[in-house]
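Spelled out, the chains give:
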Amino acid sequence: CLWFASSRGNDDGVTANDACCTCDGGTFESIKKTTSPTVSPTETSAPSLSPTASPTASPTTTVAPSSSPIAFPTAGPSSAPTECKDVEGWTNSWGSGCSSYGYWGCKWFGDSFENDGLTANDACCVCK
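(A) The overall build of the chain, seen in detail. Helix and strand counts for the chain come out as three helices and zero strands. For the chain, the α and β elements follow one another from N to C terminus as α-α-α. Relative to its 128 residues, the chain shows a buried fraction of 15%. Across the chain, the fraction of contacts at a sequence separation of at least 24, relative to all contacts at a separation of at least 6, is 35%. Accessible surface, the chain as shown: approximately 11,500 Å² in total, 55% of it carbon and sulfur.

Take a look at the structure:
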């Protein structure tokens with residue numbers, strides 16, 4: 001709030017001072033509490049799907065499998081790993097490049113300040 005609350009608005013011009021409760025913006029809506037649950041339990045004589053207290057004497061057999069077969073893992077990776085590279089020469093709309101972003105920069109601003117159709121989350125390895 002201290003650094004960016006009144007600047008860096010979104011496309012509609014809304015800043016943190018306008019939208020963020022921590023920055024004295026936003027709106028507060030109280031939670032309405034009830035004194036008891038609104039849905040009553042129902043009683044039934046049908047059996048439940050809960051497990052039994054003890055195992056059955058023999059296993060249950062079926063004709064069809066219970067689920068689709070799964071593929072077995074391969075012995076190694078299917079392709080060689082690739083090295084991440086920043087988009088060469090990319091800067092955000094403020095002129096800052098990938099080196100100005102870190103973990104929190106990517107979390108907070110990685111999808112902002114688009115330039116040439118890319119944001120830091122698209123162009124910078126540190127954000128991936």
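(B) Main features of a negative patch on the surface. Negative charge collects at one region of the surface, where Asp111, Glu114, Asp116 and Asp122 lie side by side. Take Asp111: its relative accessible area is 60%, and that puts it in the exposed class.

(C) Representation of the packing of aromatic side chains in the model. A full pass over the atoms with the stated rule returns six aromatic pairs. Judged by centre distance (6.5 Å) and plane angle (45°), the ring pair of Trp90 and Tyr101 falls under tilted. Linking Trp90 in the loop between helix H1 (16-19) and helix H2 (103-109) with Tyr101 in the loop between H1 and H2, this pair joins segments that are eleven residues apart in sequence. Side by side, Trp90 and Tyr101 carry an identical accessibility label, which is buried. Relative to Phe113, the ring of Phe109 has its centre 6.0 Å away and its plane inclined at 45°; by these criteria the two rings are tilted. Judged by its relative accessible area of 21%, Phe109 falls in the partly exposed class.

Quick notes on the rules
Residues numbered from 1 in each chain as written. Predicted model: local features only at pLDDT ≥ 70, side-chain atom pairs only at ≥ 80, totals over all residues. Heavy atoms only, no water. Helix = DSSP H or I, 4+ residues; strand = E, 2+ residues; numbered from the N terminus. Buried < 20%, exposed > 50% of the residue type's maximum accessible area, 1.4 Å probe, protein only. Contact = heavy atoms within 4.5 Å. Areas by Shrake-Rupley, 256 points an atom, 1.4 Å probe, with all protein chains shown as cover. Patch = residues over 30% accessible without salt bridge, like charges linked within 9 Å, V, L, I, M, F, W, Y side chains within 5 Å. Salt bridge = Lys/Arg side-chain N within 4 Å of Asp/Glu carboxyl O. Lys, Arg positive; Asp, Glu negative; His and termini not counted. Charge placed at Lys NZ, Arg CZ, Asp CG, Glu CD. Phe/Tyr/Trp six-rings, centres within 6.5 Å; stacked < 30°, edge-to-face > 60°.

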